[in-house]
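# Architecture at a glance
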Amino acid sequence: MSDTSELQRARVLAITSGKGGVGKTFLAANLAAALAKRGRRVLVLDADLGLANLDVVLNLFPKVTLHDVFTGKVQLEDAILHAPGGFSVLLAGSGLVEYSRLTPEVREQLLRIIETLAPRFDHILLDTGAGISDVVLYAVSLADDVLVLATPEPTSMTDAYATIKVLATQQQRRVIQLVVNQVGRIGEGRTIRGQLQLVVDKFVVPMLAEGSASPVIELIGEVPLDPGVREAVQQRRLLVELQPGSAPAQAIHAIAAKIAP
Ligand SMILES: Nc1ncnc2c1ncn2[C@@H]1O[C@H](COP(=O)(O)OP(=O)(O)O)[C@@H](O)[C@H]1O
Ligand SMILES: [Mg+2]
């Protein structure tokens, strides 16, 4: 007998980066809208617990946040909001500083929330913080797939490499999805994927157990540097709605098509 439970469970995708400010929250929100447009049920969880700002990008003023769920003040259901763009969100708000550390409580709550909601959605996107802090790594460990966002800047690439190294060695990730944001020209993402793969092959592969598969970096999209992105963020609108025909909006639709063919 075939088991359909797998089919009914959301695929959890963690969106992470080495360096901060590279566009994770922007991508999470717009990718969620693009997936929703393809008919998928999407939830974005603001997993950047200490520095949450998904509410700002979406122009939402949550009365109820993950904080209230964590403390048991409200039921999980009551913290799920509808975002413009046709998807659901769980916002962290700005009061979660005490949860920026990975306590047993944070672990349990995040795991419980994802397990509870997975049967109700097709995709759960985790908008994580940058870097390799234990909260970020824990959130990523709950995901089926991990998407590392990098920009062509050398500092972003160095930090992306550091993140990929930890994901490969500590979480035994063998596929890392890569999106290169803020590219100057299409094709730059390919070059960056190649450069990252080279350093991974040279320095990470020798650290892995003998006979274990090599990590593969899969380029799933490149998003151009475009003034429209800043405009959309400043207006607190989704780029895919404000400038649907723009190059970065199209690039995000292309990523959605890869994730949800
Ligand atoms: N493709 C892009 N083109 C132009 N500006 C961008 C692009 N992507 C991101 N930005 C700028 O970077 C800012 C930070 O993005 P954000 O999503 O908040 O980063 P993170 O969540 O990684 O910290 C955005 O508000 C926007 O102004
Ligand atoms: Mg962010």
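All values derive from a computational prediction rather than experimental measurement.

## Observations regarding the site of ligand 1
In the region of ligand 1, 17 residues are neighbours, and Gly-23, Lys-24, Thr-25, Phe-26 and Val-229 sit closest. Broken down by secondary-structure element, the contributors of at least two residues to the shell around ligand 1 are helix 1 (24-37), strand 7 (175-183) and helix 9 (227-234).

## Some words on the packing of helix 7 (residues 154-170) against helix 8 (residues 188-204)
Contact geometry of helix 7 with helix 8 gives a least axis separation of 10 Å together with a crossing angle of 50°. In this view, helix 7 runs oblique relative to helix 8, as classed from their interaxial angle. The way helix 7 lies across helix 8 gives a crossing that is right-handed. Facing Met-157, Ala-160, Tyr-161, Ile-164, Lys-165, Ala-168 and Thr-169 of helix 7, the residues of helix 8 in contact are Ile-192, Gln-195, Leu-196, Val-199, Val-200 and Val-204. For the contact of helix 7 with helix 8, the class distribution of residues is ten nonpolar, two polar and one charged.

## Some remarks on the sheet that holds strand 8 (residues 216-224)
Strand order in the open sheet formed by eight strands is 3-4-2-5-1-6-7-8, and the pairing between neighbours is mixed. Each edge of the open sheet carries a strand with a single partner, namely strand 3 (80-83) and strand 8. Pairwise comparison of adjacent strand axes, ignoring direction, gives a mean angle of 25° for this sheet. In this sheet, strand 5 (residues 123-130) lies alongside strand 2 (residues 42-47) in parallel orientation, the contact comprising six bridges. Its bridge partner lying in strand 5, Asp-46 is registered against Asp-127. Across the sheet, helix 6 (residues 134-141) lies against strand 1 (11-17), strand 2, strand 5 and strand 6 (145-150), angled at about 165° from strand 5, the strand it touches most. Packed onto the sheet, helix 11 (residues 247-259) meets strand 7 and strand 8 and runs at close to 150° relative to strand 8.

## A few points about the packing of helix 1 against helix 11
Direction vectors running N to C along helix 1 and helix 11 enclose 60°, while the axes themselves pass 9 Å from each other. If you check the angle between helix 1 and helix 11, you find them oblique. Here helix 1 and helix 11 pass one another in a crossing that is right-handed. Packed against helix 1, whose contacting residues are Asn-30, Leu-31, Ala-34 and Leu-35, the element helix 11 presents Ile-252, His-253, Ile-255, Ala-256 and Ile-259 at the interface. Residues of the contact of helix 1 with helix 11, tallied by class, amount to seven nonpolar, two polar and no charged.

Parameters and conventions
- Residues numbered from 1 in each chain as written.
- Chains lettered and ligands numbered in written order.
- Predicted model: local features only at pLDDT ≥ 70, side-chain atom pairs only at ≥ 80, totals over all residues.
- Near = placed C-beta within 6 Å.
- Helix = DSSP H or I, 4+ residues; strand = E, 2+ residues; numbered from the N terminus.
- Axes fitted to C-alpha atoms, helices over the stretch in contact; angles between N-to-C directions.
- Parallel < 35°, antiparallel > 145°, perpendicular 65-115°, else oblique.
- Left-handed = near helix turned anticlockwise from the far one by under 90°.
- Contact = placed C-beta atoms within 7 Å.
- Nonpolar A, V, L, I, M, F, W, Y, C, P; charged D, E, K, R; others polar.
- Pairing = 2+ DSSP bridges.

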